[in-house]
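# Survey of secondary and tertiary structure
Single-letter residue listing:
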Amino acid sequence: MTSSTDATQQSSSAVSAASQYCNDRDESEVREQIIDITQNLLDAIVSCDWDKYSELCHSSLTCFEPEARGHLVQGLSFHKYYFDFFGSSSAAVAASAGTTTTSPSAAGTNVTLSSPHVRLLGNKAAVICYVRLNQSVDGTTQMPVTS
(Lines give C-alpha, C1' and ligand atoms only; values in the text may rest on other atoms or scores of the structure.)
Protein backbone atom coordinates (compact mmCIF):
# COMPACT_ATOMS: atom_id res chain seq x y z
CA MET A 1 0.00 0.00 0.00
CA THR A 2 1.18 3.50 -0.68
CA SER A 3 1.26 6.35 1.79
CA SER A 4 -1.18 8.43 -0.29
CA THR A 5 -3.63 5.54 -0.23
CA ASP A 6 -3.09 5.13 3.48
CA ALA A 7 -3.91 8.78 4.06
CA THR A 8 -7.26 8.31 2.29
CA GLN A 9 -7.96 5.11 4.20
CA GLN A 10 -7.00 6.56 7.55
CA SER A 11 -9.13 9.63 6.97
CA SER A 12 -12.28 7.59 6.50
CA SER A 13 -11.55 5.10 9.27
CA ALA A 14 -10.39 7.68 11.78
CA VAL A 15 -13.36 9.93 11.12
CA SER A 16 -15.73 7.01 11.43
CA ALA A 17 -14.29 5.86 14.76
CA ALA A 18 -13.59 9.27 16.26
CA SER A 19 -16.66 11.25 15.22
CA GLN A 20 -18.65 9.81 18.09
CA TYR A 21 -16.14 11.38 20.50
CA CYS A 22 -16.14 14.86 19.00
CA ASN A 23 -19.10 16.07 20.96
CA ASP A 24 -17.84 14.80 24.32
CA ARG A 25 -14.10 15.43 24.20
CA ASP A 26 -11.89 18.37 23.46
CA GLU A 27 -10.20 18.66 20.08
CA SER A 28 -6.75 17.57 21.25
CA GLU A 29 -8.15 14.28 22.54
CA VAL A 30 -9.95 13.69 19.25
CA ARG A 31 -6.74 14.42 17.32
CA GLU A 32 -4.81 11.94 19.49
CA GLN A 33 -7.48 9.30 18.97
CA ILE A 34 -7.32 9.75 15.19
CA ILE A 35 -3.53 9.40 15.30
CA ASP A 36 -3.82 6.23 17.42
CA ILE A 37 -6.42 4.72 15.08
CA THR A 38 -4.23 5.54 12.09
CA GLN A 39 -1.24 3.80 13.71
CA ASN A 40 -3.45 0.78 14.44
CA LEU A 41 -4.51 0.72 10.79
CA LEU A 42 -0.89 0.82 9.59
CA ASP A 43 -0.03 -2.01 12.02
CA ALA A 44 -2.96 -4.05 10.66
CA ILE A 45 -1.70 -3.54 7.10
CA VAL A 46 1.86 -4.58 7.96
CA SER A 47 0.75 -7.64 9.89
CA CYS A 48 -1.88 -8.62 7.27
CA ASP A 49 -4.61 -8.52 9.92
CA TRP A 50 -7.73 -8.35 7.76
CA ASP A 51 -10.13 -8.47 10.71
CA LYS A 52 -8.56 -5.39 12.30
CA TYR A 53 -8.23 -3.59 8.95
CA SER A 54 -11.87 -4.17 8.00
CA GLU A 55 -12.95 -3.09 11.49
CA LEU A 56 -11.09 0.21 11.11
CA CYS A 57 -12.15 0.97 7.50
CA HIS A 58 -15.64 1.84 6.40
CA SER A 59 -17.14 -0.69 3.99
CA SER A 60 -17.77 2.04 1.40
CA LEU A 61 -14.12 3.15 1.33
CA THR A 62 -13.00 4.71 -1.95
CA CYS A 63 -9.45 5.34 -3.14
CA PHE A 64 -7.08 5.67 -6.05
CA GLU A 65 -4.05 3.37 -5.84
CA PRO A 66 -1.20 2.59 -8.21
CA GLU A 67 -2.35 -1.07 -8.22
CA ALA A 68 -5.74 0.05 -9.58
CA ARG A 69 -4.09 1.70 -12.61
CA GLY A 70 -5.90 5.02 -12.25
CA HIS A 71 -9.34 3.59 -11.54
CA LEU A 72 -11.42 4.55 -8.53
CA VAL A 73 -11.64 1.59 -6.16
CA GLN A 74 -14.84 1.28 -4.12
CA GLY A 75 -15.34 -0.98 -1.13
CA LEU A 76 -12.97 -3.36 0.61
CA SER A 77 -12.85 -6.35 -1.77
CA PHE A 78 -9.93 -4.88 -3.75
CA HIS A 79 -7.90 -4.61 -0.54
CA LYS A 80 -8.98 -8.05 0.71
CA TYR A 81 -7.21 -9.63 -2.25
CA TYR A 82 -3.87 -8.19 -1.11
CA PHE A 83 -4.43 -9.23 2.49
CA ASP A 84 -5.19 -12.77 1.33
CA PHE A 85 -2.25 -12.84 -1.07
CA PHE A 86 0.37 -11.39 1.28
CA GLY A 87 -1.22 -12.89 4.38
CA SER A 88 -0.78 -16.40 3.04
CA SER A 89 2.83 -15.57 2.13
CA SER A 90 3.45 -14.21 5.64
CA ALA A 91 1.91 -17.29 7.21
CA ALA A 92 4.13 -19.55 5.09
CA VAL A 93 7.24 -17.56 6.07
CA ALA A 94 6.25 -17.63 9.75
CA ALA A 95 5.60 -21.38 9.61
CA SER A 96 8.97 -22.07 8.01
CA ALA A 97 10.63 -19.96 10.72
CA GLY A 98 8.80 -21.91 13.42
CA THR A 99 6.65 -18.97 14.55
CA THR A 100 2.89 -18.60 14.50
CA THR A 101 2.54 -14.84 14.70
CA THR A 102 2.62 -12.34 11.86
CA SER A 103 2.86 -9.20 14.00
CA PRO A 104 4.86 -6.31 12.56
CA SER A 105 7.85 -7.08 14.77
CA ALA A 106 7.75 -10.81 14.01
CA ALA A 107 7.60 -10.10 10.28
CA GLY A 108 10.67 -7.87 10.61
CA THR A 109 8.78 -4.75 9.61
CA ASN A 110 7.95 -1.67 11.64
CA VAL A 111 5.78 1.25 10.52
CA THR A 112 6.10 4.63 12.20
CA LEU A 113 3.66 7.48 11.82
CA SER A 114 5.90 10.56 11.68
CA SER A 115 4.87 14.22 11.89
CA PRO A 116 1.12 13.58 12.00
CA HIS A 117 -1.16 16.55 11.47
CA VAL A 118 -4.90 16.22 12.05
CA ARG A 119 -7.34 18.80 10.79
CA LEU A 120 -10.86 18.55 12.18
CA LEU A 121 -13.58 19.48 9.72
CA GLY A 122 -16.51 20.03 12.04
CA ASN A 123 -17.51 17.31 14.49
CA LYS A 124 -17.95 14.49 11.94
CA ALA A 125 -14.95 14.72 9.64
CA ALA A 126 -11.19 15.04 9.78
CA VAL A 127 -8.15 14.69 7.57
CA ILE A 128 -4.84 13.28 8.74
CA CYS A 129 -1.55 13.84 6.95
CA TYR A 130 1.70 12.18 7.96
CA VAL A 131 4.96 10.71 6.80
CA ARG A 132 4.97 6.91 6.84
CA LEU A 133 8.35 5.44 7.72
CA ASN A 134 8.78 1.75 6.92
CA GLN A 135 11.61 -0.10 8.61
CA SER A 136 12.58 -3.55 7.40
CA VAL A 137 15.56 -5.79 6.79
CA ASP A 138 17.11 -5.80 3.33
CA GLY A 139 16.88 -9.32 1.92
CA THR A 140 20.34 -9.19 0.38
CA THR A 141 22.47 -7.38 2.96
CA GLN A 142 20.39 -8.30 6.04
CA MET A 143 20.83 -4.66 7.16
CA PRO A 144 18.00 -2.44 8.43
CA VAL A 145 16.47 -0.18 5.78
CA THR A 146 14.09 2.76 6.28
CA SER A 147 11.90 3.86 3.41
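Everything discussed here concerns the structure shown above.
Since we're looking at a predicted model, the values are computed, not measured.

### A look at the overall build of the protein
Across its full length, the protein carries four helices and five strands. Put simply, the protein has 147 residues, and 31% of those count as buried. Of the contacts made within the protein by residues no fewer than 6 positions apart, 51% connect residues no fewer than 24 positions apart. Counting only carbon and sulfur atoms, one obtains 52% of the accessible surface of the protein, whose full area is about 8,500 Å².

### Quick look at the pairing of strand β4 (residues 126–137)
On any regular strand, side chains alternate: one points to one face of the sheet, the next to the other face. Taken together, the nine bridges between strand β3 (residues 110–120) and β4 define a ladder with antiparallel strand orientation. Among the inter-strand pairings, Arg 119 is bridged to a residue of β4, identified as Val 127. Bridging between β4 and strand β5 (residues 144–146) involves three bridges; their strand directions are antiparallel. Residue pairing for β5: Val 137 is matched across the bridge by Pro 144. The turn joining β4 and β5, which pair antiparallel and follow one another in sequence, is formed by six residues; a positive phi near 60 degrees is taken by Gln 142.

### With respect to the nonpolar core
Grouped together as the largest cluster of nonpolar side chains are twelve residues: Val 30, Ile 34, Ile 35, Leu 42, Val 46, Val 111, Leu 113, Val 118, Leu 120, Ala 126, Ile 128 and Tyr 130. Of all elements in the fold, only α2 (27–46), β3 and β4 reach the threshold of two or more residues within this core. With five residues, the top contributor of residues to this core is α2. Of all hydrophobic cores here, the second largest spans eleven residues; its members include Ile 37, Leu 41, Cys 57 and Leu 76.

### Digging into the state of the cysteines
Working definition of a disulfide: a covalent bond connecting the sulfur atoms of two cysteines. Taken as a whole and assessed by the stated rule, the structure comprises zero disulfides. Left unpaired, Cys 63 is separated from the closest cysteine sulfur, that of Cys 57, by 9.2 Å.

### Overview of α2
In this model, α2 (20 residues) spans 29 Å end to end at C-alpha, consistent with the 28 Å of a helix rising 1.5 Å per residue. Every buried residue of α2 is listed here: Val 30, Gln 33, Ile 34, Ile 35, Ile 37, Thr 38, Leu 41, Leu 42, Ala 44, Ile 45 and Val 46. Residue Cys 48 follows α2 closely and has a positive phi angle near 55 degrees.

### Digging into unusual backbone geometry
Despite not being glycine, Cys 48 shows a phi value in the positive range, around 55 degrees. When you line up the elements, Cys 48 lands in the loop between α2 and α3 (50–56). When its relative accessible area of 21% is taken as the criterion, Cys 48 is described as partly exposed.

### Things to note about a nonpolar patch on the surface
Nonpolar side chains collect at one region of the surface, where Tyr 81, Phe 85 and Phe 86 lie side by side and expose about 340 Å² of accessible area between them. Of note, Tyr 81 is situated in helix α4 (residues 77–96).

Reading the values: rules and limits
- Residues numbered from 1 in each chain as written.
- Predicted model: local features only at pLDDT ≥ 70, side-chain atom pairs only at ≥ 80, totals over all residues.
- Heavy atoms only, no water.
- Helix = DSSP H or I, 4+ residues; strand = E, 2+ residues; numbered from the N terminus.
- Buried < 20%, exposed > 50% of the residue type's maximum accessible area, 1.4 Å probe, protein only.
- Contact = heavy atoms within 4.5 Å.
- Areas by Shrake-Rupley, 256 points an atom, 1.4 Å probe, with all protein chains shown as cover.
- Pairing = 2+ DSSP bridges.
- Core = buried A, V, L, I, M, F, W, Y, C linked by side-chain atoms within 4.5 Å.
- Disulfide = S-S within 2.5 Å.
- Expected span 1.5 Å × (residues − 1).
- Patch = residues over 30% accessible without salt bridge, like charges linked within 9 Å, V, L, I, M, F, W, Y side chains within 5 Å.
- Salt bridge = Lys/Arg side-chain N within 4 Å of Asp/Glu carboxyl O.

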